[in-house]
Amino acid sequence: MLICYFGCVLSEFKATKLLFFWQDPQPACRLSLVFEIPIIPEAMETIAMLDTIGVGDMVLLDPLTEDTLMKNLEERFHHKEIYTYIGNVVISVNPYQPLPIYSEATVEEYRNCNFFAVKPHIYAIADDAYRSLREQDKDQCVLITGESGAGKTEASKLVMSYVAAVCGKGEQVNRVKEQLLQSNPVLEAFGNAKTIRNDNSSRFGKYMDIEFDFKGDPLGGVISNYLLEKSRVVHHVEGERNFHIFYQLLFGASDQLLRQLKLNRDCSFYGYLNNKKSPTVQGVDDASNFRAVQDAMHTIGFSPSEVTAVLEVVAVVLKLGNVQLGEQFQASGTEACGIQDDRAMREICQLIQLDETILEQALCSRTVEAHQEKVLTALTVSQGYCARDALAKNIYNRLFNWLVNKINENIKVETTERKKVMGVLDIYGFEIFQDNSFEQFIINYCNEKLQQIFILMTLKEEQEEYVREGITWTPVDFFDNTIICNLIEDSKGGILAMLDEECLRPGVVNETTFLNKLNQVFAKHQHYESRTTQNAKRIMDASMSANCFRIHHYAGKVTYNVTGFIEKNNDLLFRDLSQAMWKAKHELLHSLFPEGDPQKVSLKRPPTAGSQFKVSVVNLMKNLYSKNPNYIRCIKPNETKQPNVFIDPLVRTQVRYLGLLENVRVRRAGYAYRQRYEPCLERYKLLCKETWPKWNGRASLPIDPKELAYGHTKIFIRMPRTLFDLEERRQKRLGELATLIQATFRAWKCRKSYQQIRKSQIMISAWYRGHMVRCRLVHIRYTRKEYKKYFRSGASKCIANFIYKRLVQKFFLNLRNNLPSMSPIDHAWPPAPHLFLTDANKELKKIFHHWRCKKYRDQLPPQRKEILQDKLCASELFRGKKSLYPISLPQPFQGDYLGLKENSRYRKLHSAADGKLVMADSVKKVNRGNGKTSSRLLILTKSHVILADSKAAQPKTVITLSDVDSVSVSRYTDGLFVLHIRESSTAASRGDFLLISDHLIELVARLHQTVLEATKQKLKLHVADEFLVKFKQSNITVKMVESTKKQSTIPVCQKKGSHRMEVLVY
């Protein structure tokens, strides 16, 4: 799908044809392609749908300056046109008022739309991403970035609602869509809060992966949350509120529910909610929102008992803020603290079903382990309040994580089939406050990483691709914020790494030592400054206090107060508090503190908050890099959240740090569309008869050459109007092809109908003709019965016998003239002409073959007969059993391989054979002790087996054939065999013989024949991979081991212990 479009000016369009030229980059297979379609001016009428207020796509701004860009944004903003394009990037300016541009009719207008053929809208990029996922099978992600209060949360909800509206229908699909949409109000209630800049500010990062099937229907999703601002639970600045759920619960819960939770409807009654200003927000109905949250939790799959348990935990957090501590002194005079008002403590313990003394001791004291001894240390009042607040923050943070996991359990995808994924990122925006602490530092670090993605994927990669493809253009300079990311996240010398190092360092650790270390390491870093570095450069800055440092972010300079950095990064909770919560009988609260189990106490220090967040950000970046990005850049027009107010300096600052001007310049200098040659041909080949349905090697589609550029692997098209024409023509052609398919189907259906009618007619005709023939047969039988006396009584039998004899005679005459050759291996034979002659034909073939074989044997000389007899014996013994047998087939059996008669060295051996020589060969005898081999001469006579020394040619061992019990061989191609001697024989004292022969098949076959002649008994042959060999003192098991690497032609014998030998064969 073509998604990288640009806006265009119709009046300048003069091209009349489009030309593609493709040449394969591989020199070995140069191919060229040119195809041509004339451009019809009417095809560009869809562009007329673009609005005329300002410029909808800022690529078309003329002249392009920061002032014209700002003027265009302001003009469109005042006319309620809050969306503007930069290529395929959507710029969204927060209107701070509801607009009538999100109706069902608007959804239908943007459904399957051409990206640039309609007014700029967030629905356009949502539709583009969804169609790319569904039709091109590309995973997508929608990156929504901007300052806090710029409208990111609302933008993410609009994207999700649009996708839910345009995807498939059905009971299961609707249920999944409803669950995905209803997760938003639940997470907003527990994770969003009113800030000075935003009435519904996300105080956590959320990334949702929505998973679709191959049809584009939603199957479920997975939500990832990042760094909830849990410090807001115990403290928020004047003019802000705590998390929404606290106010929604107090204002929206029934009186009965409040009594059950032991809560008071007055917000000022609770220390964590106490604020001088009104707790309500103009235009926000907390009561109705609470009912919406309850309905949403029910829709997602929360049971009533789980909802009640969640609200009880929320009530516990509220009441912890009312626990008041007073100063006390122990007997030793040491300062301690104690509970002043028992009411709040009692109500908390009643809600969580815990003994009051356990919780009081956990809040007012701390157990310290030293040298395997436990010491109970009393806490001061300030330490007690810190412990109370840490417990409240941890309970709420763990409750929020539990909610996210519970939602994931209900919306997760059960199927294992491959899924398509669309990710939506809604994460806190860049924050610059009067007092910036650890939370702002972490949030701004995340925004730096998101800006890095935008730089790499839209600006840097855009330029690098043109260079890589060899396209000539003017480079655009832009700021690369990698240096800032490294300043924060470098694993060895980054700020986060040094903060972790300070947290883990023994001794006195405070923010001062941490700041001094930063000043020392980054003294000359161009994006870092502090009071110390300014003094070194003789710069006077009254706004920089001694306990602060400043980072020059891409969005501007931010001054961070290091107070609380180490405490917030450690994020530690006393073990006493964890164990107290684990002892509570409240099922949900008990499950939130698994480390409180005394049986599972771990002394390992938990990872710091900074390191955890850094790992989460790295994983998020990997996830985003794996998907096709779609950008929505949100801009805040004013600080007071007023509609129709556009503050130029504020917006201009955001435009600068978002790099919008550089983005426009890159898009203007580049090309609207780029694609590899093969997919481009694949998409548009249906537009030309030379390429559809099969490319014949050449076709043409001319266009103005200025509109095209040819890269090494891709084709580039400059203006989007050309693509509009191509897409319009493709859609039109698809309609034509659909019509052709329908026509073909109708023709096929008519043809099938005709064939069915014809088949029925043939069947009816056949039945009718059969009926007529049967009627005629009845008539003939009747006539024959009447006139039977006039016919000879045996005529039919006589005729049948005559025909039978004639057919048999003809069969024999034909067989005589077509007999096969006299070769025994010729299997040709004339087929039987008639079915009744089949059996006779088979018997004749068998008789002829036997006669032919006898004729062949009769003409053989005696010596040849004897050789074939030996081969036949070898076949009966080894065929299908030993791999060496097929190799031995073409080798003739010689018998005497030593030349006993001709060689004078073997005169004694020849005389020992006494004229009864059967076979003489050289063999290898395997030493039973170490597996080594030695040469021997084997003489087989009609009565003995003689083993002689190969050097002296003297008989060493003489074995009578009756003493030979059996022979064992392997199934491989080796020549190893064992000559087994009968235990009762005189030769048994020497044991069995393990020998190797190059003529094993012939040797065993001749030995078998000789034993049969001498003893009238067949020689037993064992073919196995493992067999037992009996020697003098002991028995040895010989195991054949197959080796893939051939090292020698002779099997290698290796002794394995005293009773085992392995033979490597190949």
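All figures in this text were calculated on a predicted structure; none of them were measured in a lab.

Rules and cut-offs
Residues numbered from 1 in each chain as written. Predicted model: local features only at pLDDT ≥ 70, side-chain atom pairs only at ≥ 80, totals over all residues. Heavy atoms only, no water. Helix = DSSP H or I, 4+ residues; strand = E, 2+ residues; numbered from the N terminus. Rg over C-alpha atoms; globule rule 2.2 N^0.38 Å. Contact = heavy atoms within 4.5 Å. Areas by Shrake-Rupley, 256 points an atom, 1.4 Å probe, with all protein chains shown as cover. Axes fitted to C-alpha atoms, helices over the stretch in contact; angles between N-to-C directions. Parallel < 35°, antiparallel > 145°, perpendicular 65-115°, else oblique. Nonpolar A, V, L, I, M, F, W, Y, C, P; charged D, E, K, R; others polar. Buried < 20%, exposed > 50% of the residue type's maximum accessible area, 1.4 Å probe, protein only. Core = buried A, V, L, I, M, F, W, Y, C linked by side-chain atoms within 4.5 Å. 1 Å grid on protein atoms, 1.4 Å probe; cavity = no way out; pocket = protein on both sides within 12 Å on 5 of 7 lines; lining within 4 Å. Points joined across faces, edges and corners; volume = space filled by probe spheres on them. Pairing = 2+ DSSP bridges. Left-handed = near helix turned anticlockwise from the far one by under 90°. Salt bridge = Lys/Arg side-chain N within 4 Å of Asp/Glu carboxyl O. Phe/Tyr/Trp six-rings, centres within 6.5 Å; stacked < 30°, edge-to-face > 60°. Lys NZ or Arg CZ within 6 Å of the ring centre and 35° of its normal. pLDDT = per-residue confidence, 0-100.

1. Some thoughts on the overall build of the protein chain
When helices and strands are tallied, the protein chain shows 31 helices and 33 strands. Over its C-alpha trace the protein chain gives a radius of gyration of 48 Å, far above what one expects of a compact globule, namely 31 Å for 1066 residues. Projected onto its principal axes, the C-alpha coordinates of the protein chain cover approximately 125 × 100 × 75 Å. Look at the contacts in the protein chain between residues 6 or more apart in sequence, and 66% of them connect residues 24 or more apart. Entry remark: accessible area of the protein chain is about 54,100 Å², with carbon and sulfur atoms responsible for 52%.

2. Considerations on the packing of helix α6 (residues 244-252) against helix α9 (residues 304-320)
Helix-helix packing is characterised by the crossing angle of the two axes and by the distance between the axes. At a minimum axis separation of 11 Å, α6 and α9 run at an interaxial angle of 105°. One way to sum up the angle between α6 and α9 is to call them roughly perpendicular. In this structure, α6 contributes Ile 245, Phe 246, Leu 249 and Leu 250 to the contact, and α9 contributes Leu 311, Val 314, Val 317 and Leu 318. Looking at side-chain class alone, the contact of α6 with α9 contains eight nonpolar, no polar and no charged residues.

3. As for the environment of Val 778
Within the fold, Val 778 resides in helix α25 (residues 720-787). Take Val 778: its relative accessible area is 55%, and that puts it in the exposed class. Separated by 571 residues in the primary sequence, Val 778 and Tyr 207 have C-alpha atoms spaced 89 Å apart.

4. A few points about the nonpolar core
The tendency in soluble globular proteins is for nonpolar side chains to be buried as a group. Membership of the largest hydrophobic core comes to 184 residues, with the highest contact counts inside it found for Phe 190 and Phe 549. When near neighbours in sequence (up to four residues on either side) are disregarded, Phe 190 contacts Leu 228, Phe 243, Ile 245, Val 310, Val 314, Tyr 396, Leu 399, Phe 400 and Leu 403. In this structure, Leu 940, Val 964, Val 967 and Leu 979 belong to the second largest nonpolar core, which totals 33 residues.

5. Considering α6
Of all nine residues in α6, eight are buried, a share of seventy percent or more. Looking only at α6, the buried set comprises His 244, Ile 245, Phe 246, Tyr 247, Gln 248, Leu 249, Leu 250 and Gly 252. If you follow the buried residues of α6, they end up packed against α5 (171-191), β6 (192-193), α7 (255-261), α8 (286-300), α9 and α12 (381-411).

6. Things to note about empty space enclosed by the protein
On inspection of all chains with the given rule, the structure shows five cavities of 30 Å³ or more. As for the largest cavity, its lining consists of Met 160, Val 163, Ala 164, Cys 167, Lys 177, Leu 180, Leu 181, Ile 210, Phe 212 and Pro 218. For the lining of the largest cavity, the elements supplying multiple residues, two or more each, are α4 (152-166), α5 and β8 (205-212). Broken down by class, the residue content of the lining of the largest cavity amounts to nine nonpolar, no polar and one charged.

7. Digging into the pairing of strand β32 (residues 1052-1055)
When β32 meets strand β33 (residues 1060-1065), the two strands line up antiparallel, connected through four bridges. Each residue of the ladder has a partner; that of Cys 1053, found in β33, is Val 1063. Linking two consecutive strands that pair antiparallel, namely β32 and β33, is a turn of four residues; a positive phi of about 80° is found at Gly 1057 within it.

8. Description of the sheet that holds strand β15 (residues 528-530)
Whether parallel or antiparallel, the strands of a sheet pair through hydrogen bonds between backbone atoms. Strand order in the open sheet formed by three strands is β15-β16-β17, and the pairing between neighbours is antiparallel. Because the sheet does not close on itself, it has two edges, and the strands there are β15 and β17 (556-561). Neighbour-to-neighbour, the strand axes of this sheet turn through a mean angle of 25°, independent of strand direction. Inspection of the sheet shows strand β16 (residues 548-553) paired to β17 by six bridges, in the antiparallel sense. Looking at β17, one finds that His 552 is bridged to Lys 557. Running at roughly 130° to β15, helix α16 (residues 511-521) makes contact with β15 and β16 of the sheet.

9. A short note on the packing of helix α1 (residues 66-78) against helix α22 (residues 648-657)
Contact geometry of α1 with α22 gives a least axis separation of 11 Å together with a crossing angle of 115°. Relative to α22, α1 is oriented so that their crossing is right-handed. Of the residues in α22, those touching α1 at Glu 66, Asp 67, Leu 69, Met 70 and Leu 73 are Asp 648, Val 651, Arg 652, Val 655 and Arg 656. Per-class residue counts for the contact of α1 with α22 are five nonpolar, no polar and five charged.

10. Side note on unusual backbone geometry
In this structure, Pro 693 follows Trp 692 across a cis peptide bond, with omega equal to 0°. By the element assignment, Pro 693 lies in the loop between α24 (677-684) and β20 (708-710). Here the phi dihedral of Asn 644 falls at roughly 60°; this positive angle occurs in a residue that is not glycine. A relative accessible area of 38% places Asn 644 in the partly exposed class.

11. Concerning the sheet that holds strand β30 (residues 1026-1030)
Read from one edge of the open sheet, four strands run β30-β31-β33-β32, paired in mixed fashion. Only two strands of the sheet have a single neighbouring strand rather than two, namely β30 and β32. The average undirected angle you get between the axes of adjacent strands in this sheet is 25°. In the sheet, β30 pairs with strand β31 (residues 1035-1042) via five bridges, with the strands oriented antiparallel. The partner of Val 1029 across the bridge, within β31, is Ile 1036.

12. Some remarks on the environment of Gly 610
In this structure, Gly 610 sits in helix α21 (residues 609-625). The spacing of Gly 610 and Leu 227 is 383 residues in sequence and 9.4 Å in space, taken between C-alpha atoms. Beyond its immediate stretch of four places on either side in the chain, Gly 610 contacts Phe 438, Ile 442, Leu 496 and Asn 569.

13. With respect to the pattern of salt bridges
Under the defined criterion, the tally for this structure stands at 41 salt bridges. Across the pair Arg 111 and Glu 108 runs a salt bridge whose closest N-O atoms are separated by 3.5 Å. Given the relative accessible area of 31%, Arg 111 is considered partly exposed. For the salt bridge of Arg 232 with Glu 229, the shortest nitrogen-to-oxygen distance reads 3.2 Å. Both residues of the pair, Arg 232 and Glu 229, count as buried. Connected through shared salt-bridge partners, Glu 66, Asp 67, Asp 648, Arg 652 and Arg 656 make up one network.

14. Things to note about the packing of aromatic side chains
With the rule as written, the count across this model stands at 26 aromatic pairs. An angle of 70° between the planes, with centres 6.0 Å apart, marks the rings of Tyr 102 and Tyr 123 as edge-to-face. Residue Tyr 102 is found in the loop between β4 (89-93) and α2 (104-110), and its partner Tyr 123 is found in helix α3 (residues 122-136); the two are separated by 21 residues along the sequence. For Tyr 123, a relative accessible area of 3% corresponds to the buried category. Ring geometry for Phe 848 versus Trp 851: centroids 5.9 Å apart, planes at 45°, classification tilted. Placement of the pair is Phe 848 and Trp 851 together in helix α27 (residues 838-858), with a separation of three residues, close to one helical turn. Taken together, the ring pairs connect Phe 438, Phe 441, Phe 514, Phe 522, Tyr 528, Phe 549, Tyr 560 and Phe 565 into an aromatic cluster. Directly above the aromatic system of Tyr 247 lies the positively charged group of Arg 241, at a separation of 4.1 Å from the ring centroid.

15. Things to note about the pairing of β8
In terms of burial, β8 is a largely internal element, eight of the eight residues being buried. Alignment of β8 against strand β9 (residues 218-226), held across eight bridges, turns out to be antiparallel. Across the sheet, the residue bridging to Phe 212 is Pro 218, located in β9. Between β8 and β9, which follow one another and run antiparallel, lie five residues, and Gly 216 among them has a positive phi close to 90°.

16. Considerations on the confidence of the model for the protein chain
Residues with a pLDDT of 70 or more make up 91% of the protein chain, whose mean pLDDT is 83. Least confident of the elements in the protein chain is strand β2 (residues 32-38), whose mean pLDDT is 37; most confident is α9, at 94. In this model residues 1-51 is a low-confidence stretch, pLDDT under 50, and it forms 170 contacts with partners more than four residues away in sequence or in other chains.

17. Brief notes about the side chain of Ser 156
Assignment of secondary structure puts Ser 156 in helix α4. A relative accessible area of 1% places Ser 156 in the buried class. Excluding residues within four positions of it along the chain, Ser 156 makes contact with Ile 144, Val 424 and Asp 426.

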